[in-house]
Amino acid sequence: MNTVDQILIILGTFLPIAGSGLTIVLASIFEGKLRWISLVIIPAVTMLLCWIWAGSIWQNGNMLAAALFYVYFISLIIYYPILLVSGLVILRNNKQAGQSGTNDSQ
């Protein structure tokens, strides 16, 4: 195993943590629709990248990567329904505020 393979294994191992951090940072920077797009897209892309890298990393016996992957997977199963409910509540509040002339839920 050469140095490039070892670097890719380390990056793949900590990709769920990096994806979570990137989601938090970008969601705090952006506002409005960009925030919602980053809250939906970045975890999905991170999961896809973890899924692609998983086979090669786990063949080398990296159980830390497997554990982080499954914790991230389970957390996304909880995360997306909460995000959906939050989005629907904010959308409903924005519609009601738009009808009354004020828009205070952003």
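Residues numbered from 1 in each chain as written. Predicted model: local features only at pLDDT ≥ 70, side-chain atom pairs only at ≥ 80, totals over all residues. Heavy atoms only, no water.

## With respect to a nonpolar patch on the surface
Note the following rule: A residue counts toward a patch only above 30% relative accessible area and without a salt bridge, and it is joined to like-charged neighbours within 9 Å or, for Val, Leu, Ile, Met, Phe, Trp and Tyr, to nonpolar neighbours within 5 Å. All accessibility values rest on the Shrake-Rupley procedure with a 1.4 Å probe; residue burial counts only the protein chains present in the view. We count a salt bridge whenever a side-chain nitrogen from Lys or Arg sits within 4 Å of a carboxyl oxygen from Asp or Glu. What counts as a helix is a DSSP run of H or I of at least four residues, what counts as a strand is a run of E of at least two, and both are numbered from the N terminus.
Together, Leu34, Ile37, Val40, Ile41, Val45, Leu48, Leu49 and Ile52 make up a nonpolar patch on the protein surface, roughly 710 Å² of accessible area in all. Position of Val40 among the secondary structure elements: in helix α3 (residues 33-59).

## Things to note about the packing of aromatic side chains
Using the following cut-off: Two aromatic rings from Phe, Tyr or Trp, using only the six-membered ring of Trp, form a pair when their centres are within 6.5 Å; if the ring planes differ by under 30 degrees the pair is stacked, by over 60 it is edge-to-face, and anything between is tilted. Three labels apply to residues, based on accessible area from a 1.4 Å probe with only protein chains included: buried if under 20% of the type maximum, exposed if over 50%, partly exposed otherwise in between.
Per the counting criterion, the structure on display carries three aromatic pairs. Between Trp51 and Phe69 the ring centres are 5.6 Å apart and the planes differ by 55 degrees, which places this aromatic pair in the tilted class. Taken together, the positions of Trp51 in helix α3 and Phe69 in helix α4 (residues 63-100) put the pair 18 residues apart, joining distant regions of the chain. Judged by centre distance (5.3 Å) and plane angle (70 degrees), the ring pair of Tyr79 and Tyr80 falls under edge-to-face. Among the residues examined, Tyr79 registers a relative accessible area of 24% and is labelled partly exposed.

## With respect to helix α1 (residues 3-13)
The condition is simple: Working note: the arc is built from the helix axis to C-beta atom directions.
Along α1, the residues classified as buried are Ile9, Gly12 and Thr13. The arc enclosing the buried residues of α1, seen along the axis, measures out at 100 degrees, which places them on a common side. More than 90 degrees from the buried face of α1, the exposed residues found are Thr3, Val4 and Ile10.

## Considering α4
Selection criterion: Each residue after the first adds 1.5 Å to the expected span of a helix.
The end-to-end C-alpha separation of α4 is 55 Å, in line with the 56 Å expected for 38 residues at 1.5 Å each. Those residues of α4 lying buried are Ala65, Ala66, Leu68, Phe69, Tyr72, Leu76, Leu83 and Ala97.

## Thoughts on the side chain of Thr23
Applicable threshold: We call two residues in contact when some of their heavy atoms are within 4.5 Å.
You can see Thr23 is positioned in helix α2 (residues 15-29). The residues touching Thr23, leaving out its near neighbours within four places in the chain, are Ser38, Leu39, Ile42, Pro43 and Tyr79.

## Looking at the nonpolar core
To be explicit about the condition: Only buried Ala, Val, Leu, Ile, Met, Phe, Trp, Tyr and Cys residues count toward a nonpolar core, and they belong to the same one when joined by side-chain atoms within 4.5 Å.
Core analysis: the biggest nonpolar cluster contains six residues, these being Leu15, Met47, Cys50, Phe69, Tyr72 and Leu76. Those elements that provide at least two residues to this core are α3 and α4. Other than its neighbours up to four places away in sequence, Phe69 contacts Pro16, Met47, Cys50, Trp51 and Trp58.

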